[in-house]
Each structure stands twice: as C-alpha cells, then as structure tokens.
Amino acid sequence: MYLVNRQEMKEIDARAIDQWRFPSLILMENAARSITEALFETYEDLMDRRIIVLCGPGNNGGDGLAVARMLHLKGAKVAVYIVNESSDQKTSIDHGVNREIIDHLSIRVFDIHREGQLRLLKANLNHCDLLIDALFGVGLDRPLSALVTEIIDIANERDLPVVAIDCPSGLNADNGQVEGAVLECTDTLALTLPKVGFYAGRGPDVCGRVQVLDIGIPSEVADSLAVKTSLLTAADAKVKKDKRPADCYKHQFGHVGIIAGSVGMSGAAVLTAQAALRTGAGLVSVLADKRIFHAVSTVMPEAMVRPVQWPSPSALDWLLARANVLCLGPGLGLDEAKEETLRYLLDHGDQPLVLDADGLTLLARLGLDGLKEASRELILTPHPGEFKRLCGESHDPKVSRLEAARAFAEKYRVTLVLKGFQTVVAAADGRAAVNSINSPALATAGAGDVLAGMITALIGQGLSPFEAATTAVALHGQCGRNCADIYGEDSTLAGDLIQEIAKELRRGK
Ligand SMILES: NC(=O)C1=CN([C@@H]2O[C@H](COP(=O)(O)OP(=O)(O)OC[C@H]3O[C@@H](n4cnc5c(N)ncnc54)[C@H](OP(=O)(O)O)[C@@H]3O)[C@@H](O)[C@H]2O)[C@@H](O)CC1
Ligand SMILES: [K+]
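These numbers were taken from a predicted model, which means no experiment stands behind them.

## Describing the overall build of the protein chain
Here comes step 1: For the protein chain, the helix and strand inventory stands at 18 helices and 17 strands.
Here comes step 2: In the protein chain, which comprises 509 residues, the proportion classed as buried is 51%.
Here comes step 3: Here the analysis covers contacts within the protein chain between residues at least 6 apart in sequence; of these, 75% occur between residues at least 24 apart.

Here it is in structure tokens:
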C-alpha cells in the first residue's frame, strides 16, 4: 500500500477532482460516510456516547461537519465546535456547504474565534465520551496558534478516546514532527492512503490504531503518481513467486552460501541457515569455523557445512563457485581474519551479498567508499546502532529513519534494511517501505539472524533484493505476531519464528 506525504496526497485529491472529474463534495460525502461506518464498527456503544466534533476551517473541518450531520441523523448525541480564528472567518468551499446544511439541523454548533470563548468547550469536554478531531488534516502548514494549542492541551488532559479524521491535528503528516501541541489519538481514520508521518517521529505515539478508509478515489489515481514509498501490511508477507512445478528439483530454488558463526556464536549460523531452508532455499552451504563445525553440522543435517580456518580464500572460492547468493555476518566475529574475509568477498564474485550483524561492523571498519563501484548487489541489514556506525560522522539524528535509510541506499547504491520498530527497507533507486507488521516478540536473540536467512533465501529464488527484503520483513513480522499469540511476547525464541515461516508460507499459497 502506498504511503504518502502531504504533497502527494493533495496531488491525488487534485487529480481525482480535475482529471477523473470527481466533484470534491462527493469525495467529502464519501469520506464522511466511511468515517461514520468506521465509528460505528469501532465503538459498539456509539449511540450511548456524548460526542464532540472539533472542526477546523478547511476541508478536514468540512469532513467533521459532514460526519457530525450523519451521526446526528442516526440519532447520536453530537455537539460541534468550529475553531476559526482567521480575521475574516474564511472557510473552504466544501466546509461552507456542510456548515449551511448543519445550520438547518438541530445540532448544537458553537464557533470559537478567540480564547475567551473556550469556557463552554472546557465544561462540555468534562461530559464527553468521544472526541472527533477534524481540526486539521494534510493542510496543516504552519505551527499551531496559541488558541489551537490551548484547545489541544485541554483535550489531551481529559484522557478521552479521540478519533482523528485523516491525521491527528498538530502532527506533520510528512515526517511525524510536532511543533507545539498534537492531539493524542486513540484511532486515526486515514482517508484514501496512510501518511508517512504516522510512521515517523511522534507519529507512532499519537496515531493510535490506524485504519485506512476508501473514499471512492480509484487506485489508478495514486498509480498515476510516482509514489516511491509504501507501507508493508499483511498482504506483503506473501511470497510473490510461482508455485513449485511437480517436476521441480532443488537447484531451481537457489543455493544460499552462509558465512557465519564463531566460537560461542554457533547458533547464529544455525538460525540463519535454518531460516533460509524454511524460506524455500533449495540448497544451503555454510562455511563455519572448524571449532564450531560439529556444533553446526550435527543440528542441521539439511545444510552442507564446511569447516574453515579463517582466513580462507580457497573456502570462499569454493562457495563462490556454487552459491547464487551469499550472507555474511551473523555471529561471525570481528577479528582480522574476518576483516580479510569480507575484503576478499567484496573483491570477488558477483552474487548478491547480504551483510548482517558483524558483517556490518566489519564493513564500517573497511569503509564504505568502494560500495558504489561494487560489482554485485549489496543488501545491508543494520539495527540502529549498526546504522549509526555505518553512517559515521554523517549520522544526523534529526533526519527521520525513513529519509535517512533512503538517502543512504541511494548514496551507496545498496538495499538497506534499517531494523527496529517499523523497519524501513530502502532501495538504491529511491523506493522505500515501512513495515507495519510488528511484534515485541521479535525483540529476542537470534531474530535478526532469522531475518537475514529469509532475505538471502528469497534472493536466491529470484526475487530482487528490494522485493526479497520487503517480503522477508513483513513475513518475519507476521511470524513474530504468530509467536506472540502462541508463546507470548516474553517467551518467543528465534527458533519459534522459523517454525512459523513454514505455516505462513503454506497459508500464503
Ligand atoms: N481535497 C479533497 O479532495 C478532499 C479532502 N479531504 C479532507 O481535507 C483535508 C485537507 O483539507 P485542506 O487542504 O483544506 O486542509 P486542512 O487540513 O483542513 O487545513 C487547512 C485549513 O487550516 C488552516 N490552517 C493550516 N494550518 C493552520 C494552523 N497552523 N493554524 C491555523 N489554521 C491553519 C488553513 O488556513 P489558510 O492557510 O487557508 O489560512 C486552512 O483553512 C484532508 O486531510 C481530508 O481530511 C477529504 O474531504 C476528501 C477530499
Ligand atoms: K484531524
């Protein structure tokens, strides 16, 4: 699903109106109907609640007025407060139309133009059971005024359920930043598409549950725009590849080469390889330090494990001659021999290479300058600490994770998987995706090794690095959610995730 910024959303609305000839009032009416339906679905006792709709002067406020009308006509208890402090009390055209309609109904409508008029709102908020936020949507383009800030502060103090129409007021839909105040919402009902700001900065704290509502704009309108950002949802956890033919053989499904594990970290090699096998890799070869060879090979009879004394160009040549994709790093260690191993691999072979964990620390030591000229596709999977190390001096904590990941991937011509809550995947061509399939169960040792194995296996089966990374990230998140249900968030093991890969892949067929 596309994830849009303000400009893109406005452009989609404008094209729907100008090129697809949808009257904007019809879109507003559709929006209000979808929002009203969602409210009834989300709050079963909606008819018993005392509802306040806070409206701003623009179309977001117009949505609020139309929703208030629909709720009122269904018999709900609604009061409307319209906040408009512009000197001439100007409103958008569609806001004006909806205001006229509502003025002919028996709904209580109050105008607030200045601070002295807040007394009634304050009193009514004490007896309110649901607040609908229609102050500002994607049109918020400057810091909030003192009046609006005060209203938002008063509402936040009440600890009420708050439903945002399109976007929580005060949240910058481009980057999740907040200047001054933001209305803390229980639910955000996003119109047409989710906004980038929900998944950046303060967004995740203030949006609550996000639902995306259809308001009748055909999907072709968004397709006609070159939107480069997407949101990974459950639909992305399905592997987009053909069903295996009846007469298939293992060499059709890729040969994954893994360089991982060290004394004390043999499990990292095992988890990476098992995850690759469960994700459909036809063959998996592991180069493992000879001191952990037995530990790795005995628990994993399905993989080909070669004992190695690092550094070993001959072992790497052996792997390069066989594997069609490589993964280096999980539990590998950081000694000189490993540095030499990575250097050798960067200079030899043309298979896509996934660098994870220690592989990334080694890369940071070697320096990133050569990456742009690399003869192979590189996929880097850092957690925030490793990313900071990779960026070095250029790391800017003020830049959002999404934009930092996108800039890095473009600059170094790599696919970047910036892990964490709402993992970001970015491609060298500027595309990026944010994952919404999260689970605290994934915060466990070895979960990253599993993800690295999954990404590598999917590349081995022919998916592009970006496709493989986005699919694996969503699938991994879904496995985390399944494990949280089965074992609980606290007790999930990385190995449990691997069992879930099998169930999810079967389900996705
Ligand atoms: N277009 C469509 O087809 C559809 C749009 N839809 C809905 O419209 C929303 C976008 O509507 P929008 O563009 O009117 O912007 P909106 O979020 O209401 O805010 C702009 C207003 O607020 C004002 N203002 C801004 N910042 C301010 C501040 N800090 N402090 C005070 N005032 C401030 C600004 O004032 P101005 O700059 O004009 O002086 C203007 O009056 C969108 O999120 C969705 O909900 C749906 O109905 C579906 C169809
Ligand atoms: K809003």
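## Here we look at the site of ligand 1
Here comes step 1: Near ligand 1 you find 30 residues, and of these Gly58, Asn59, Asn60, Gly137 and Gly139 are the closest.
Here comes step 2: Of all the secondary structure elements, the ones that give two or more residues to the shell around ligand 1 are α1 (6–18), α2 (24–42) and α3 (59–73).
Here comes step 3: Classifying every residue of the shell around ligand 1 by side-chain character gives 14 nonpolar, 11 polar and five charged.

## Some remarks on the domain arrangement of the protein chain
Here comes step 1: Split into domains, the protein chain comes out as domain 1 (6–227) and domain 2 (251–507).
Here comes step 2: Each of domain 1 and domain 2 was reduced to a C-alpha centroid, and the two centroids are 42 Å apart.
Here comes step 3: With seven residues of domain 1 at the contact, the number on the domain 2 side is five residues.
Here comes step 4: For the side of domain 1 that touches domain 2, the residue count by class is four nonpolar, three polar and no charged.

## Brief notes about the sheet that holds strand β16 (residues 424–426)
Here comes step 1: Spatially, β8-β17-β16-β15-β14-β13-β12-β9-β10-β11 is the arrangement adopted by the 10 strands of the open sheet, whose pairing is mixed. Looking at strand neighbours, the two that pair on one side only are β8 (229–232) and β11 (304–308), the edges of this open sheet. Taking the axes of each pair of neighbouring strands and ignoring which way they run, one obtains an average angle of 15° across the sheet.
Here comes step 2: Here β8 pairs with strand β17 (residues 432–435) via four bridges, running parallel. Note on β17: the bridge partner recorded for leucine 231 is valine 434.
Here comes step 3: Relative to strand β15 (residues 415–418), helix α17 (residues 465–486) is tilted by about 15°, and along the sheet it contacts β8, β14 (378–380), β15, β16 and β17.

## Description of the sheet that holds strand β7 (residues 209–213)
Here comes step 1: Read across the open sheet, the seven strands follow the order β3-β2-β1-β4-β5-β6-β7; overall the sheet is parallel. This sheet does not close on itself; its edge strands, each paired only once, are β3 (108–112) and β7. Strand after strand, the sheet turns through a mean of 20° between neighbouring axes, direction not considered.
Here comes step 2: Alignment of strand β6 (residues 187–191) against β7, held across five bridges, turns out to be parallel. When the sheet's bridge partners are listed, leucine 191 is paired in β7 with leucine 213.
Here comes step 3: Relative to the sheet, α3 contacts β1 (50–55), β2 (77–83), β4 (130–134) and β5 (162–165), its axis offset from that of β1 by approximately 155°.

## Observations regarding α3
Here comes step 1: Here α3 spans 21 Å end to end across 15 residues, near enough to the 21 Å set by a 1.5 Å rise per residue.
Here comes step 2: With respect to burial, α3 is a largely interior element, 13 of its 15 residues being buried.
Here comes step 3: Once α3 finishes, glycine 75 follows within two positions and takes phi at roughly 95°, a positive value.

## Considerations on the nonpolar core
If you look at soluble globular proteins, the nonpolar side chains tend to sit buried side by side.
Here comes step 1: The biggest cluster of nonpolar side chains holds 162 residues, and the ones touching the most others in it are Val53, Val286 and Ile455.
Here comes step 2: In terms of domain composition, this core takes at least three residues from each of domain 1 (6–227) and domain 2 (251–507).
Here comes step 3: In this view, isoleucine 455 contacts Val354, Ile379, Thr381, Ala468, Ala469 and Ala472; residues no more than four positions away in its chain are not counted.

## Things to note about the pairing of β5
Here comes step 1: The side-chain alternation of β5 yields two buried faces, one formed by Val162 and Ala164 and the other by Val163 and Ile165.
Here comes step 2: Across three bridges, the pairing between β4 and β5 is parallel. The partner of leucine 131 across the bridge, within β5, is valine 162.
Here comes step 3: In this region the chain leaves β4, passes through helix α6 (residues 146–157) and returns to the parallel neighbour β5; the handedness of that crossover is right-handed.
Here comes step 4: Here β5 runs beside β6; their pairing, made up of three bridges, is parallel.

## Side note on the environment of leucine 131
Here comes step 1: Within the secondary structure layout, leucine 131 lies in strand β4.
Here comes step 2: Residues leucine 131 and valine 78, spaced 53 residues apart in sequence, show a C-alpha to C-alpha distance of 9.8 Å.

## Let's talk about the packing of α17 against helix α18 (residues 494–507)
Here comes step 1: It is at 9 Å that the axes of α17 and α18 come closest, and there the two elements cross at 110°. Classified by the angle between their axes, α17 and α18 sit roughly perpendicular to one another. Note on element contacts: α18 touches α17 through Asp496, Leu497, Glu500, Ile501, Lys503 and Glu504, opposite Leu475, His476, Gln478, Cys479, Gly480, Asn482 and Cys483.
Here comes step 2: Taken together, the residues of the contact of α17 with α18 sort by class into five nonpolar, four polar and four charged.

## So, the packing of helix α12 (residues 336–347) against helix α13 (residues 358–366)
Here comes step 1: Axis separation between α12 and α13 bottoms out at 10 Å; the angle between their running directions is 80°. The angle between α12 and α13 falls in the class roughly perpendicular. Residues Lys338, Glu339, Leu342 and Arg343 of α12 touch α13, and the partners they reach there are Asp358, Gly359, Leu362, Leu363, Arg365 and Leu366.
Here comes step 2: The residue makeup of the contact of α12 with α13, split by class, is four nonpolar, one polar and five charged.

## Points about the UniProt feature "binding site: K(+)" (unreviewed entry) in the protein chain
Here comes step 1: Feature annotation in UniProt places "binding site: K(+)" (unreviewed entry) on Asn60, Asp133 and Ser169, given in this structure's numbering. Taken together, the annotated residues stretch across 110 residues yet fold into one region, lying no more than 9.7 Å apart by C-alpha.
Here comes step 2: Mapping aspartate 133 onto the fold places it in strand β4.
Here comes step 3: Owing to 30 C-beta atoms within 10 Å, aspartate 133 belongs among the buried residues under this scheme.
Here comes step 4: Ignoring anything within four residues of it in the chain, the contact list for aspartate 133 reads Leu54, Val162, Val163, Ala164, Ile165, Pro168, Ser169, Leu183 and Cys185.
Here comes step 5: Following the sequence through the fold, serine 169 ends up in the loop between β5 and β6.

Conventions adopted
Residues numbered from 1 in each chain as written. Chains lettered and ligands numbered in written order. Predicted model: local features only at pLDDT ≥ 70, side-chain atom pairs only at ≥ 80, totals over all residues. Helix = DSSP H or I, 4+ residues; strand = E, 2+ residues; numbered from the N terminus. Buried ≥ 20, exposed ≤ 12 C-beta atoms within 10 Å, placed from the backbone. Contact = placed C-beta atoms within 7 Å. Near = placed C-beta within 6 Å. Nonpolar A, V, L, I, M, F, W, Y, C, P; charged D, E, K, R; others polar. Domains from an automatic or database assignment. Pairing = 2+ DSSP bridges. Axes fitted to C-alpha atoms, helices over the stretch in contact; angles between N-to-C directions. Expected span 1.5 Å × (residues − 1). Core = buried A, V, L, I, M, F, W, Y, C linked by C-beta atoms within 7 Å. Right-handed = clockwise from strand over helix to strand, strands pointing away. Parallel < 35°, antiparallel > 145°, perpendicular 65-115°, else oblique. UniProt positions renumbered as here; feature names shortened; annotations may be inferred.

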